[in-house]
Structure formats: C-alpha cells, structure tokens
Amino acid sequence: MDQHSGESVLVAGGMAGGSADAAAALLACDAFWGAGLSRDQLHELAAGLGSDVPFGLVGHTAIGSGRGDVLTPALSRGEYHWVFAVRDAGLSTARVYAEFDALAGSGSSALGPDSDLELLQALRAGDATALGRALRNDLQPAALELAPELAETLAAADDVGALGVLVSGSGPTVAALARSRAHAQVIGAALTAAGVADTVLTAVGPVPGARVIASPSP
C-alpha cells in the first residue's frame, strides 16, 4: 500500500491535484522571480487560474463560497486520518457537473454553509466520529451514474468500519475517514485486497497550504 504525505496528488482524480500543483507553481514563481506579491495578490491570481487554486495556497480548514474561491477559515481541532482509493481512469469534472445538473434539474440551488452546521461542529470539537456522520458530497450521485463501480469501493470501506466514506470531489477517488493511523492501514489493506482501487493512499490532515521550503545548507 502506497503512502501519501501530501506533497503530490493525482490529476483528474477528484482531489484537486491540478489546482494544488497550480498553487505551488504560483508560489514558486513569485519566489523565483522575486515579485514580492502579497497574499491578497497571490489569492487573486490563484482564483483566476481555477476555483480550487486559492485553497491550495491557504490550506488548513476553510469554507469556500462564491465559486469556491472565497475562503473563510474554519476552526478545526485535532488531526484526521484518511484513506484514498484511487483509480487510474479519471472522471471529467465537466461531465460530472453536467450529470449533476441533469439529475438535480434546473431549479436546484447551491447549499450554503448553514447546511453543514453538523460538520463544522464536529470539526470544532475534534470529533472524528461525528465528522464521519456529517460527510456529504452533492456530486456523489452524479459520479456514481458515470462510474457505477465506485459503489463497490464505497461499500468495501464501509464494511471495515470507516467512520465516513464518500466520493472525493468529482471522483473517481473515494475518501474514507479512519479512527486512527492504524485503522487507516486496516482500511487500506481491505481496499487493496478487495481489488476496488488501483492505488491506495493514506494522509493526515489538516495541513498547511503551499509554502516555500528552504534547502538545507550543504
């Protein structure tokens, strides 16, 4: 089972991989060229590159509004152990959103932060069990319509006691919340044995956004 520490993610996997890379590249260019851009200027540029890119700069835990690029920090205590079941074949974000529109109908409206009060309360309390119960992804039904095999991955994680399991972003990656690092290893091993993922990764969050790390002195 592969280990994942957050320094790289897969593109088209539903984990904002391209957006994370864009945030890192933006920060690197600012440092390399000595542009000296403020955080607000970097955020504005990041939002122009993509809705998820600003979060790649901010990191930690935040609520996204607008296109997802307007971020408000959210209080979160403790750390959370995740398992990601990744498939080699990606899902097009545009196709998933189109399927969401088809399923929801033109009269659907976006849910605001108040709809996630239970989730925010769980984060503030550092309660992983409550967080697992509160997890929801409105894009999951659309992703399952396009990739019905993901239901097997969701079920496999649930069968080994994941606190919560859902499709990550627009998919096809499935994210499972574990009780501990050891439990994450158990879930990962079960997903690998069930053959419901091409790669299994583990991660601990929340983590900071993109940052420049100085090279050690020779």
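What you are looking at is a predicted structure, and each value in this text was computed from that prediction instead of being measured.

**Looking at the overall build of the chain**
Next, step 1: When you go through the chain residue by residue, the secondary structure sums to 9 helices and 6 strands.
Next, step 2: Evaluated residue by residue, the chain yields a buried proportion of 38% over its 218 residues.
Next, step 3: Intrachain contacts of the chain at a sequence separation of at least 6 include 65% that bridge at least 24 residues.
Next, step 4: Just so you have it, the chain exposes about 11,900 Å², and 55% of that area is on carbon and sulfur atoms.

**Section: helix H8 (residues 150–159)**
Next, step 1: Buried within H8 are the following residues: Leu150, Thr153, Leu154, Ala156 and Ala157. Taken end-on, H8 shows its buried residues confined to a sector of 160°, consistent with a single buried face. Turned more than 90 degrees off the buried face of H8, the exposed positions are Glu152 and Asp159.
Next, step 2: Those residues of H8 that are buried are in contact with strand S3 (80–86), helix H7 (140–146), strand S4 (164–167), strand S5 (174–178) and helix H9 (181–194).
Next, step 3: Gly161 sits one or two residues past H8 and shows a positive phi near 85°.

**Some details on the packing of H8 against H9**
Next, step 1: Contact pair H8 / H9: the axes reach a minimum separation of 9 Å and the direction vectors enclose 140°. On the basis of their axis angle, the class for H8 and H9 is oblique. Seen from above, H8 lies across H9 with right-handed handedness. Of the residues in H9, those in contact with Thr153, Ala156 and Ala157 of H8 are Ile187, Leu191 and Ala194.

**Points about the pairing of S5**
Next, step 1: In terms of burial, S5 is largely enclosed, as 5 of its 5 residues are buried.
Next, step 2: Neither face of S5 is left uncovered, since the one carrying Val174, Ala176 and Ala178 and the one carrying Ala175 and Leu177 both have all their residues buried.
Next, step 3: By the bridge criterion, 4 bridges tie S4 to S5 in an arrangement that is antiparallel. What sits directly across from Gly164, in S5, is Leu177.
Next, step 4: Joining the antiparallel neighbours S4 and S5 is a turn of 6 residues, in which Gly169 adopts a positive phi near 60°.

**Considering the sheet that holds S4**
Next, step 1: Read across the sheet, 4 strands follow the order S4-S5-S3-S6 without closing on themselves; strand pairing throughout is antiparallel. Two strands lie at the open edges of the sheet, namely S4 and strand S6 (199–205), each paired on one side alone. The average angle at which neighbouring strand axes cross in this sheet is 20°, direction not considered.
Next, step 2: In terms of strand pairing, S3 meets S5 through 5 bridges, oriented antiparallel. Each residue of the ladder has a partner; that of His81, found in S5, is Ala178.
Next, step 3: Each of S3, S4 and S5 touches H8; the most contacted strand, S4, lies at about 165° to it.

**As for the environment of Ala89**
Next, step 1: Within the element layout of this structure, Ala89 appears in the loop between S3 and helix H4 (93–104).
Next, step 2: Since its relative accessible area comes to 56%, Ala89 is described here as exposed.
Next, step 3: Taking C-alpha positions, Ala89 is 9.2 Å from Asp198, a pair spaced 109 residues apart along the chain.

Parameters at a glance
Residues numbered from 1 in each chain as written. Predicted model: local features only at pLDDT ≥ 70, side-chain atom pairs only at ≥ 80, totals over all residues. Heavy atoms only, no water. Helix = DSSP H or I, 4+ residues; strand = E, 2+ residues; numbered from the N terminus. Buried < 20%, exposed > 50% of the residue type's maximum accessible area, 1.4 Å probe, protein only. Contact = heavy atoms within 4.5 Å. Areas by Shrake-Rupley, 256 points an atom, 1.4 Å probe, with all protein chains shown as cover. Arc of directions from axis to C-beta. Axes fitted to C-alpha atoms, helices over the stretch in contact; angles between N-to-C directions. Parallel < 35°, antiparallel > 145°, perpendicular 65-115°, else oblique. Left-handed = near helix turned anticlockwise from the far one by under 90°. Pairing = 2+ DSSP bridges.

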